[in-house]
Amino acid sequence: MPVTSENDLYELVRSTIDPAALVRHVRAGQDGAIVTFDGFVRNESHGRATKYLEYEAYEPMALAKMREIGAQIHERFAIHRVAMVHRLGRLDIGETSVFIAISAPHRAAAFEACRFAIDTLKRTVPIWKKEHFQDGAIWADGEIPPAAPKTKPAS
Amino acid sequence: MPSVSPGIRVKVLFFGRVRELTGLREEKGEISEGATLGDLLERYIQRYPQLAEFRASLVASRNQEFAAWDTRITGGDEIAFLPPVSGG
């Protein structure tokens, strides 16, 4: 099992994310900095006006991958606590889809860890986004996880 | 002597556009002993030819971990064919 702090928080939720609560969760006396990432629904995609987004996940695997990212950043950066929450279901324009808060004694580690965490989440966590427009809907292009096999399926 | 190898049972999960294309969320399946994840995908492509177009973009997971296509399936495995991820 990856090693994360027992005070970390990794969650998939279906209701509004409360960023202030997550910031409070990671804030402790020994820290001197918190860096957060707030990912929220943009009103357009490739020039098309977005109506709303729908997120789905392979939930147990997604949570496991989020914890793995937590373990990686604890190993690589001098950070204290991590809160990482992704919302699923229907999200309207401006609503937060993912929020990450990381505390650390010093700011540099928190900045680097937060950047690493969101970049890795977008590449490796099995979550999918469907973009709904006035005139239809498409699955977002997405990224092929790099942990994936090099070998192609037989054709 | 009969040479029919006993089948092994697996659970297969479908997400995103793969779920929409097949109309399946989850299915219990049986496949012959020694089959790989790639073999199982081929079987679904035969059943749902429209999956072929996305084959190169899919990755497989076995028991909630990414796995190579030549991984052999064992009884009770939970398998998914995952489209490119787009969380965040």
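First, a word on what this report is: a plain description of the structure on this page. (Residues numbered from 1 in each chain as written. Chains lettered and ligands numbered in written order. Predicted model: local features only at pLDDT ≥ 70, side-chain atom pairs only at ≥ 80, totals over all residues.)

Quick look at the sheet that holds strand S2 (residues 33–40) of chain A
Residue and element names in this part refer to chain A. We apply this condition: At least two DSSP bridges between two strands are needed for those strands to be called paired. A helix here means a DSSP run of H or I that spans at least four residues, while a strand means a run of E at least two residues long, and both kinds are numbered starting from the N terminus. Inter-axis angles, ranging from 0 to 180 degrees, are taken between N-to-C directions of lines fitted to C-alpha atoms, where helices are fitted over the stretch in contact. A pair of residues counts as a contact when their C-beta atoms, built from backbone coordinates, are within 7 Å of each other.
An order of S1-S5-S7-S2 is seen for the 4 strands of this open sheet, with the pairing classed as mixed. In this open sheet, the two edge strands, each paired with only one partner strand, are strand S1 (9–13) and S2. Going from strand to strand, the sheet's axes swing by 5 degrees on average, the running direction of each strand aside. Bridge analysis of strand S5 (residues 82–87) against strand S7 (residues 96–104) gives 5 bridges, and the strand direction is antiparallel. Its bridge partner being in S7, His86 is matched across the sheet by Val98. In the packing of helix H1 (residues 19–26) onto the sheet, the strands contacted are S1, S2, S5 and S7, and the crossing angle to S7 comes to about 20 degrees. In the packing of helix H3 (residues 107–124) onto the sheet, contacts are made with S2, S5 and S7, and the angle to S7 comes to roughly 150 degrees.

Examining helix H2 (residues 59–76) of chain A
Worth spelling out the cut-off: Expected span of a helix: the number of residues minus one, times 1.5 Å. Here a residue counts as buried when 20 or more other C-beta atoms sit within 10 Å of its C-beta, as exposed when there are 12 or fewer, and as partly exposed otherwise, the C-beta atoms being derived from the backbone.
Taking 1.5 Å per residue, 18 residues should reach 26 Å; H2(A) reaches 26 Å between its end C-alpha atoms and fits that length. The complete set of buried residues in H2(A) reads Met61(A), Ala62(A), Lys65(A), Met66(A), Ile69(A), Gly70(A), Ile73(A) and His74(A). The inward-facing, buried residues of H2(A) contact S1, strand S4 (48–57), S5, H3 and strand S8 (127–133) of chain A together with strand S3 (59–62) of chain B.

Describing H3(A)
Residues and elements named next belong to chain A. Operational definition: Think of the arc as the fan of directions from the helix axis to the C-beta atoms.
With 18 residues, H3 extends 26 Å from end C-alpha to end C-alpha; this agrees with the ideal 26 Å at 1.5 Å per step. By the burial criterion, the buried members of H3 are Ala109, Ala110, Ala113, Cys114, Ala117, Leu121 and Thr124. Considered in projection along H3, the buried side chains sweep an arc of 130 degrees and stay on one side of the axis. With respect to the buried face of H3, the exposed residues turned more than 90 degrees away are Arg107 and Ala108. For H3, the elements touching its buried residues are S2, H2, S5 and S7.

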